[in-house]
Amino acid sequence: MENIINITVEDRDGTIQQLEIPTDVNMSLMELLKAWNYKILATCGGIALCATCHVQIREGAENLHSASDMELDMLDTLPDVTEQSRLACQLRLTNINNNLSIKIKGGLEDKSY
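Within the protein chain, the regular secondary structure consists of two helices and five strands. Its helices and strands in sequence order give the protein chain the pattern β-β-α-β-α-β-β, from N to C terminus. Rg of the C-alpha trace for the protein chain: 13 Å, near the compact-globule value of 13 Å for 113 residues, within the 12% margin. Counting only C-alpha atoms and orienting by the principal axes, one finds that the protein chain spans roughly 40 × 35 × 25 Å. Taken across its 113 residues, the protein chain has 42% of its residues classed as buried. The long-range share in the protein chain, meaning contacts at least 24 apart out of those at least 6 apart in sequence, stands at 64%. For the protein chain, the exposed surface amounts to about 6,400 Å²; the carbon and sulfur share of it is 47%.

What follows is the structure, given as structure tokens:
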């Protein structure tokens, strides 16, 4: 299928899963991860104001659009930010993002969530 890409997701506990993600549904990476039942708070609803959807790009960063100033400002508030850090709510995946690899970093306020 030409509108399906594969991404590798490492959860906070080290569990790694390969996902087939549709690219024609107009959802952010944050929304897609939530649809796959990853525990992401997304307190702000996806407008880059809370950083609870913080991910680290392991592979494929070169195929993502550059972070906006607003996203960079929010990332600057995090203690564990790296050059590979992004907010999943700001990433819309397309077919060129096939084989993207990420690690979920965003914290959960309630660890029992």
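Let's shift gears to the side chain of Asn-97. As for its placement among the helices and strands, Asn-97 is situated in the loop between β4 (85–87) and β5 (100–104). Residue Asn-97 is classed as buried on the basis of its relative accessible area, which comes to 3%. Those residues in contact with Asn-97, other than ones at most four positions away along the chain, are Ile-5, Asn-6, Ile-7, Asn-63, Leu-64 and Arg-92.

The next point concerns the confidence of the model for the protein chain. Chain-level pLDDT for the protein chain is 91 on average; 93% of the residues reach the 70-or-more range. Considering each helix and strand of the protein chain separately, the mean pLDDT is smallest for helix α1 (residues 29–35), with a value of 94, and largest for β5, with 98.

A few words now on the environment of Met-27. Relative to the helices and strands, Met-27 resides in the loop between β2 (16–22) and α1. When the C-alpha atoms of Met-27 and Arg-92 are compared, they prove to be 6.5 Å apart, with 65 residues separating the residues in sequence. If we skip the residues at most four places from it in the chain, Met-27 touches Leu-32 and Arg-92.

Moving on, we get to a nonpolar patch on the surface. Together, Ile-47, Leu-49 and Met-70 make up an exposed nonpolar region whose accessible area comes to about 290 Å². If you trace the backbone, Leu-49 turns up in the loop between α1 and β3 (54–59).

This brings us to the sheet that holds β3. Read from one edge of the open sheet, five strands run β2-β1-β5-β3-β4, paired in mixed fashion. The open sheet has two free edges, formed respectively by β2 and β4, since each of these has just one partner strand. Averaged over all neighbouring strand pairs, the angle between strand axes comes to 40 degrees, with direction disregarded. Strand direction decides the pairing type here: β3 and β5, joined by four bridges, are antiparallel. Directly across from Glu-59, in β5, lies its bridge partner Ser-101.

Rules used throughout
Residues numbered from 1 in each chain as written. Predicted model: local features only at pLDDT ≥ 70, side-chain atom pairs only at ≥ 80, totals over all residues. Heavy atoms only, no water. Helix = DSSP H or I, 4+ residues; strand = E, 2+ residues; numbered from the N terminus. Rg over C-alpha atoms; globule rule 2.2 N^0.38 Å. Buried < 20%, exposed > 50% of the residue type's maximum accessible area, 1.4 Å probe, protein only. Contact = heavy atoms within 4.5 Å. Areas by Shrake-Rupley, 256 points an atom, 1.4 Å probe, with all protein chains shown as cover. pLDDT = per-residue confidence, 0-100. Patch = residues over 30% accessible without salt bridge, like charges linked within 9 Å, V, L, I, M, F, W, Y side chains within 5 Å. Salt bridge = Lys/Arg side-chain N within 4 Å of Asp/Glu carboxyl O. Pairing = 2+ DSSP bridges. Axes fitted to C-alpha atoms, helices over the stretch in contact; angles between N-to-C directions.

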